[in-house]
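# Chains, contacts and geometry: an overview
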Amino acid sequence: MLPDICGSSLLLALPDDIFSVITSSLSLRDVCNLGLSCPGLDAVLSSDKVWLSQCDKLGLLPFSTLIEWRKGVLSYKALCRFLVNIQPLVGIWVYRNPELGNVVYVMPGFLSVIGCRIIPQEIGPLGLEDSPILWAPVFEIICKYDCSKAFFLHGREQGADYVYPGLLKSFDRDCNVLLLEVEHRLQRDEGKLADIKKFADEAKKEKSKSQRIVGQKWTENPFIRLESDDRSRLLDFVTSQVRDVVPEAANVLLFPRSRTDEVDSKQDFAALHERRLLLLELYEHGNVNHDLKSDEESPSNPTELGSSDDVSESLDSTSGRQGQSSKGKKTLSAFLKNGLKKLLRQSSSTNSDREYQEAAITNNQITLDEFLESGNWVGLSVRAATMQLSRYQAWPIMQKSISALYKLPVQTPEAGDEYAGLWAGSSGWPPSTGMPNGYLCFIFISYEESEGQRQMFANKILQGKRVMYPNGSALFFVNTDQPSVDIFPWDTDEESNPISVKQSFKGEGISDGYGFRYPGSKPGSLFVLENGMLVFIWKESRDVLTLKRLDLADLLKRGERVPSLPPISNFAYLTLEYRNVYSGSSEIW
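This structure is a prediction, so every number in the text was calculated from the model and none was measured.

## What about the overall build of the chain?
- If you tally the helices and strands in the chain, you get 18 helices and 21 strands.
- When burial is assessed residue by residue, the chain has 50% of its 589 residues classed as buried.
- Here the contacts in the chain between residues at least 6 apart in sequence split such that 67% fall between residues at least 24 apart.
- When the accessible surface of the chain is summed, it comes to about 28,000 Å², and 50% of that surface belongs to carbon and sulfur atoms.

Structure follows, in structure tokens:
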């Protein structure tokens, strides 16, 4: 070996292909640290081959799709940064209302991630095999050329499909709550650095004054501290101002369909490339409604609205207060200043809601004027946060008045937790008899430790059309440390194939009543079959619930899109409903 071929020089002397094989065994953090250790290594580690393998290791996309995505971005390194950033969002998000279920599945689109709502629906006798799943877009986050992110909320108003551009704020790696908010901004998107420098200069001159502005009006006046009615009205107003009609060419495909023909797949990718460019053009230069300002004075960024005074005036005018002088004009919050106290007196409030409302008072709940004074511009934003959530039988206890989605825990199937994830439920045996009452039923299985024991919970998260139990109810739970002594009552399946039971667990299944916390339960057993199915049988009634694994991403690619709800309701439906609120938005029903 030559004396100068050692250490980093040895790695640099390797052929690119061999170097890529070596780096593919390293973690993403290791690759980054290795690049920081030596300028020469950093140049090599910036190659597309190295970062393509890192993108592939994330497991979010097939290898062939990664190659297609690369055509629209700066480099594989930049693409890897985007994939790492959006990975925490991928998965199943839910909300408590309506009772039929509110399931939003976030999955990769095309150089994007898309939140798709699963529509409660009736299905055929063969289940999902002959009934395409119905879905509607909720939001999407598109990757720009430099792999920065553009957020769009989806919605439908007056027979037209709209997108509502906004900002994706920094989000936590372990986020479990996705919040739709209005953000006050200190500056436009243009000239941001100059404004920051100006602010810094003023801070040096008047330290106490700047601390008051930053401390009280910027960091301590978040949207969440507004009264619930103020939040709702402000969200409605902002979305009405920043919306853009979706161009026809951008309203066909949102992600590649399941294709076997290579020519059709190439056509899909070509259409998706065009769609992405059209939406990014809207994001950068879209035309907002000019209800507040003239064209010369409108915000340069389509994600931003007018100034705080303009928003306050417009909100006041929408409340029937046109013509009042600015001196005598009352703000929206003045009409609602007692709203929180009234909510606290409502007997229907849950403990978690009451605690949240009391905390708002303790933390100096703010008025709409105080919120708007904190920035020169306001716009739509989405924030992915990590919150300490109380749970009841694996179901998160959710706030009633916050426009938010809650993520169900992602548990990697492993020894002891191999049944975690999404399943389709059907009643009776054999399972080909269809879903309960002919309607789609989704069940989410998760695990929790309780008093030193490992428990499996099967929560209903979507139930077609007939509400039998509240959204989130645990249809059954079992103790994985207690095997069942019951015998599976059938020897063959629907095709007369012999059945082999892999293992069984002792548990309890939901029985009487409708209440969420105390619906009643009766003993039963969960049987794990060798063919991958799960079967829960109630001991006394002999009722049967059969579960099959679901690949929701594949179902959506083969599914059928239906129109969305209006934007705010489309994100999280805050009203308690027992009917199918989505069926009215479906033009095919």
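Alright, that's what it looks like, and here's the rest.
## Thoughts on the sheet that holds strand β15 (residues 453-463)
- Taken together, the 8 strands give a closed barrel; going around it, the order is β13-β14-β15-β16-β17-β18-β19-β20, and neighbouring strands pair in antiparallel fashion. Neighbour-to-neighbour, the strand axes of this sheet turn through a mean angle of 30°, independent of strand direction.

## Remarks on the nonpolar core
- With 103 residues, the main nonpolar core has L83, F139, F442, L556 and F571 as its most contacted residues.
- Membership of the second largest hydrophobic core comes to 22 residues, among which are A458, Y469, F476 and L545.

## With respect to the packing of aromatic side chains
- Across all of its chains, the model carries 16 aromatic pairs by this definition.
- On the basis of an interplanar angle of 50° and a centroid distance of 5.7 Å, the ring pair of F110 and F269 is categorised as tilted. Residue F110 is located in the loop between β2 (103-108) and β3 (112-118), and its partner F269 is located in helix α11 (residues 262-285); the two are separated by 159 residues in the primary sequence.
- The exposure class of F269 is buried, given its relative accessible area of 15%.
- When the centroid spacing of 5.4 Å and the interplanar angle of 15° are considered together, the rings of W429 and W490 count as stacked. Of the two residues, W429 is situated in the loop between β13 (421-427) and β14 (441-450) and W490 in the loop between β16 (474-483) and β17 (501-510); the sequence distance between them amounts to 61 residues.

## Description of the pairing of strand β9 (residues 377-385)
- Burial analysis of β9 places 8 of its 9 residues in the buried class, the great majority of the element.
- Sheet analysis places strand β6 (residues 160-168) next to β9, joined by 2 bridges and oriented parallel. Its bridge partner lying in β9, L167 is registered against S381.

## Regarding the environment of S511
- Along the polypeptide, S511 turns up in the loop between β17 and β18 (521-529).
- Considering only alpha carbons, one finds S511 and S541, 30 residues apart in sequence, at a separation of 9.7 Å.
- Side-chain polar atoms of S511 contact the backbone nitrogen of S521, separated by 3.3 Å.

## Some remarks on the packing of helix α5 (residues 48-57) against helix α7 (residues 76-86)
- Viewed as axis vectors pointing N to C, α5 and α7 meet at an angle of 20°, and their least axial separation amounts to 8 Å. The pairing of α5 with α7 is recorded here as roughly parallel in orientation. For the element pair α5 and α7, the recorded crossing hand is left-handed. Residue-level contacts link D48, W51, L52, Q54 and C55 of α5 to Y76, K77, L79, C80 and L83 of α7.
- For the contact of α5 with α7, the per-class residue count stands at 7 nonpolar, 1 polar and 2 charged.

## Observations regarding the pattern of salt bridges
- Under the counting rule described, the total for this entry stands at 13 salt bridges.
- When the shortest N-O distance is used, the salt bridge between R243 and E157 registers 3.2 Å. With R243 in the loop between α10 (228-242) and β8 (244-245) and E157 in strand β5 (residues 149-157), this pair connects stretches of sequence that are 86 residues apart.
- If you follow the salt bridges from partner to partner, you end up with D417, E449 and R454 in one network.

## Concerning the pairing of strand β12 (residues 404-407)
- Burial along β12 is two-sided: A404 and Y406 facing one way and L405 and K407 facing the other are all buried.
- In the sheet, strand β1 (residues 91-94) pairs with β12 via 2 bridges, with the strands oriented antiparallel. Residue pairing for β12: V94 is matched across the bridge by Y406.

## Re the side chain of D417
- Note on placement: D417 falls in the loop between β12 and β13.
- With residues near it in sequence (within four places) discarded, D417 still touches T412, Y447 and R454.

## Describing helix α6 (residues 63-70)
- All buried positions along α6 are accounted for by T65, L66, E68 and W69. Along the axis of α6, the buried residues cluster in a sector spanning 160°; they form a single face.
- Residues of α6 that are buried in the fold lie against α5, α7, β2, β3 and α11.

## Let's talk about the packing of α5 against α6
- Direction vectors running N to C along α5 and α6 enclose 130°, while the axes themselves pass 10 Å from each other. As judged from the angle between their axes, α5 and α6 are oblique. With respect to the hand of their crossing, α5 and α6 are arranged in right-handed fashion. Contact with α5, carried on its side by D48, L52, C55 and D56, involves F63, L66 and R70 of α6 and no other residues of that element.

## Some words on the environment of G425
- Relative to the assigned elements, G425 resides in strand β13.
- Along the sequence, G425 and F442 sit 17 residues apart, while their C-alpha atoms lie 6.1 Å from each other.

## So, unusual backbone geometry
- Between N97 and the following residue, P98, the backbone shows a cis peptide bond with an omega angle of -10°.
- With respect to the helices and strands, P98 occurs in the loop between β1 and β2.
- Phi is positive for R542, close to 65°, though the residue is something other than glycine.
- The residue R542 is located in the loop between β19 (534-538) and β20 (544-549) in this model.

## Examining the state of the cysteines
- For the structure on display, the rule yields 0 disulfides.
- The thiol sulfur of C32 is not disulfide-bonded, and the nearest other cysteine sulfur, from C80, lies at 7.7 Å.
- On the accessibility criterion, C32 (38% relative accessible area) is partly exposed.

## Regarding the confidence of the model for the chain
- Averaged over every residue, the pLDDT of the chain is 76; the share at 70 or more is 72%.
- Scored below 50 in pLDDT, residues 287-300 makes 32 contacts in the model with residues more than four places away or belonging to other chains.
- Here residues 585-589 is a poorly scored stretch, pLDDT under 50, and it has 16 contacts once near neighbours within four places are set aside; other chains count.

## Thoughts on the environment of K539
- Residue position: K539 is located in the loop between β19 and β20.
- Considering only alpha carbons, one finds K539 and S525, 14 residues apart in sequence, at a separation of 7.2 Å.
- When residues no more than four places from it in sequence are discounted, the contact partners of K539 are D486, P523 and G524.

Thresholds, definitions, all that
Residues numbered from 1 in each chain as written. Predicted model: local features only at pLDDT ≥ 70, side-chain atom pairs only at ≥ 80, totals over all residues. Heavy atoms only, no water. Helix = DSSP H or I, 4+ residues; strand = E, 2+ residues; numbered from the N terminus. Buried < 20%, exposed > 50% of the residue type's maximum accessible area, 1.4 Å probe, protein only. Contact = heavy atoms within 4.5 Å. Areas by Shrake-Rupley, 256 points an atom, 1.4 Å probe, with all protein chains shown as cover. Pairing = 2+ DSSP bridges. Axes fitted to C-alpha atoms, helices over the stretch in contact; angles between N-to-C directions. Core = buried A, V, L, I, M, F, W, Y, C linked by side-chain atoms within 4.5 Å. Phe/Tyr/Trp six-rings, centres within 6.5 Å; stacked < 30°, edge-to-face > 60°. Polar contact = N/O pair within 3.5 Å; in protein donor to acceptor, adjacent residues only side chain to side chain. Parallel < 35°, antiparallel > 145°, perpendicular 65-115°, else oblique. Left-handed = near helix turned anticlockwise from the far one by under 90°. Nonpolar A, V, L, I, M, F, W, Y, C, P; charged D, E, K, R; others polar. Salt bridge = Lys/Arg side-chain N within 4 Å of Asp/Glu carboxyl O. Arc of directions from axis to C-beta. Disulfide = S-S within 2.5 Å. pLDDT = per-residue confidence, 0-100.

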